[in-house]
Amino acid sequence: IRVFAAGFDPIGQNCGVGGNADRCAARVDFYVDDTLMGTVLSSQSEYWVFKTALTGVGAGTHRVWARATYVNPAATLDSEPMSVRRPV
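Residues numbered from 1 in each chain as written. Predicted model: local features only at pLDDT ≥ 70, side-chain atom pairs only at ≥ 80, totals over all residues. Heavy atoms only, no water.

## What to know about the overall build of the protein
When helices and strands are counted, the protein shows zero helices and seven strands. In the protein, the order of α-helices and β-strands from amino to carboxyl end is β-β-β-β-β-β-β. Burial statistics for the protein: of 88 residues in total, 35% are counted as buried. The long-range fraction of contacts in the protein, counting pairs at least 24 apart against all pairs at least 6 apart in sequence, stands at 52%. With the model as given, the accessible surface of the protein reaches about 5300 Å², and the carbon-plus-sulfur share is 53%. (Helix = DSSP H or I, 4+ residues; strand = E, 2+ residues; numbered from the N terminus. Buried < 20%, exposed > 50% of the residue type's maximum accessible area, 1.4 Å probe, protein only. Contact = heavy atoms within 4.5 Å. Areas by Shrake-Rupley, 256 points an atom, 1.4 Å probe, with all protein chains shown as cover.)

Structure (structure tokens):
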């Protein structure tokens, strides 16, 4: 499952290529149901877009969501969950 999250923060740290682009979260964690399935650091983001592929997700309907962690100022923000159905 490919997942994307926008971790933009207009007053936070610099991120992306070279660390001098748009400002973003320090990291974004991706969850399936309540299981952490992947983490993308700001140094791996494309500016404020965090993306990865989640593997090992079983068949059925799952709740997929993201948690962005910021350091300046300190904050943790959760996305709205999305339902994803993986066929058998």
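## A look at the environment of Pro 81
Relative to the assigned elements, Pro 81 resides in the loop between β6 (74-78) and β7 (82-86). Each residue touching Pro 81, except ones within four places of it in the same chain, is listed here: Arg 63, Val 64 and Trp 65.

## Quick look at the packing of aromatic side chains
Taken as a whole, this structure holds one aromatic pair when the rule is applied. A ring pair is formed by Tyr 31 and Trp 65, whose centres lie 4.2 Å apart and whose planes are at 10°; its orientation type is stacked. In this pair, Tyr 31 sits in strand β2 (residues 27-32) while Trp 65 sits in strand β5 (residues 60-71), placing the two residues 34 residues apart along the sequence. Accessibility assignment for this pair places Tyr 31 and Trp 65 in one class, buried. (Phe/Tyr/Trp six-rings, centres within 6.5 Å; stacked < 30°, edge-to-face > 60°.)

## Section: the pattern of salt bridges
On inspection of all chains with the given rule, the structure shows four salt bridges. A salt bridge links Asp 34 to Arg 63, with the nearest nitrogen and oxygen atoms 2.7 Å apart. You can see Asp 34 sitting in the loop between β2 and β3 (35-41) and its partner Arg 63 sitting in strand β5, a full 29 residues away along the chain. Salt-bridge contacts for Glu 46 lead to Lys 51; the nearest nitrogen and oxygen are separated by 3.1 Å. For Glu 46, a relative accessible area of 45% corresponds to the partly exposed category. (Salt bridge = Lys/Arg side-chain N within 4 Å of Asp/Glu carboxyl O.)

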